[in-house]
Amino acid sequence: MTVSYHGTPITPAAQLARMAGEHFCVSFYRPDNADVCEAIGSSVLWDNGAFSAYTRGALIVERDLYAWLEPRLYHPHRAVVLDVIDGNVELQRDAIKRWPFPRALSWPVWHLDKPLDYLSELADEWGALCLGSAGEYWQIGSPAWMRRMDQAFEHLAKRGRLPWLHGLRMLGQVKQWPLASADSTNVAQNFGRDTGCAYCKARQLDAQNHGRPRPSPVTADLFGSAA
């Protein structure tokens, strides 16, 4: 069963309070709900904010990010290791080397535009990692993006096992690939229009997303055929 991390901020406060027990994703770029989500959530994925900053032409100050995370990063919470969107592999490695927190609580990012051998490197060294959309695979759900996701899962399946894989902004894709967890801001953005109830929207998404993933020709043997 895929773990659904619901992106924030979720307003008004009464709607967020009703979501007690859910898993949340809180970005350093928009930490509005951080304290409440830490208090009421089953767990929080602390996002480094690199995606939001990149799309707005801003920068994440590492020391500020680390100071924000230090009191919040403890079991069962996790954090997305600071990544460099559109940066080369060496820049990603350098950012990982500077990461000061325990690996058991940290998920590095493999961007889909990076080489598959770097995906292998992360899978060998970390128990869990994130998949992020970047470069020519920026648009989630595009034909090129879907082909690249297939390539990534087939590459890992040939190695004999999958690490814990989290799909960044991929909660709507969990029926397509065997993601262990994924996040989206669907609830925050759409509950008012769709249901008027954030908790109800979260439950609706969970029900939709808990089907079995579509296997590719290679991953079918590893994960079983679709029912």
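Structure: see above.
Residues numbered from 1 in each chain as written. Predicted model: local features only at pLDDT ≥ 70, side-chain atom pairs only at ≥ 80, totals over all residues. Heavy atoms only, no water.

Trainee: How should I be thinking about the state of the cysteines in this particular structure?
Mentor: Here a disulfide denotes a covalent bond joining the sulfur atom of one cysteine to the sulfur atom of another. The tally for this structure, following the rule as stated, stands at one disulfide. One disulfide in the model links Cys-197 with Cys-200; its S-S distance is 2.4 Å. Across the disulfide from Cys-197 to Cys-200, rotation about the S-S bond amounts to roughly 75°, and the bridge is consequently right-handed. Here Cys-25 stays free of any disulfide, with the sulfur of Cys-130 as its closest cysteine sulfur at 8.7 Å. (Disulfide = S-S within 2.5 Å.)

Trainee: Teacher, can you tell me more about empty space enclosed by the protein here?
Mentor: One way to see where empty space is left: roll a probe the size of a water molecule over the atoms. Going through the model one piece at a time under the given rule, you end up with one cavity of 30 Å³ or more. By volume, the largest cavity amounts to about 40 Å³. Residue lining of the largest cavity: Val-81, Leu-82, Asp-83, Gln-92, Ile-96, Pro-108, Val-109 and Tyr-118, and that is the complete set. (1 Å grid on protein atoms, 1.4 Å probe; cavity = no way out; pocket = protein on both sides within 12 Å on 5 of 7 lines; lining within 4 Å. Points joined across faces, edges and corners; volume = space filled by probe spheres on them.)

Trainee: Which parts of the structure should I look at to understand the environment of Pro-143?
Mentor: If you trace the backbone, Pro-143 turns up in helix α7 (residues 143-158). The spacing of Pro-143 and Val-109 is 34 residues in sequence and 22 Å in space, taken between C-alpha atoms. (Helix = DSSP H or I, 4+ residues; strand = E, 2+ residues; numbered from the N terminus.)

Trainee: I tried to follow the packing of helix α6 (residues 116-125) against α7 on my own but got confused; where do I start?
Mentor: The relative placement of two packed helices comes down to the angle between their axes together with the axis-to-axis distance. Between α6 and α7, the least distance of the axes is 10 Å, while the angle of their chain directions is 50°. Put simply, α6 runs oblique to α7. As for how α6 packs across α7, the hand of that crossing is right-handed. Residues Leu-116, Leu-119, Ser-120 and Ala-123 of α6 lie in contact with α7, whose contacting residues are Arg-148, Gln-151, Ala-152, His-155 and Leu-156. Split by residue class, the contact of α6 with α7 holds five nonpolar, three polar and one charged. (Axes fitted to C-alpha atoms, helices over the stretch in contact; angles between N-to-C directions. Parallel < 35°, antiparallel > 145°, perpendicular 65-115°, else oblique. Left-handed = near helix turned anticlockwise from the far one by under 90°. Contact = heavy atoms within 4.5 Å. Nonpolar A, V, L, I, M, F, W, Y, C, P; charged D, E, K, R; others polar.)

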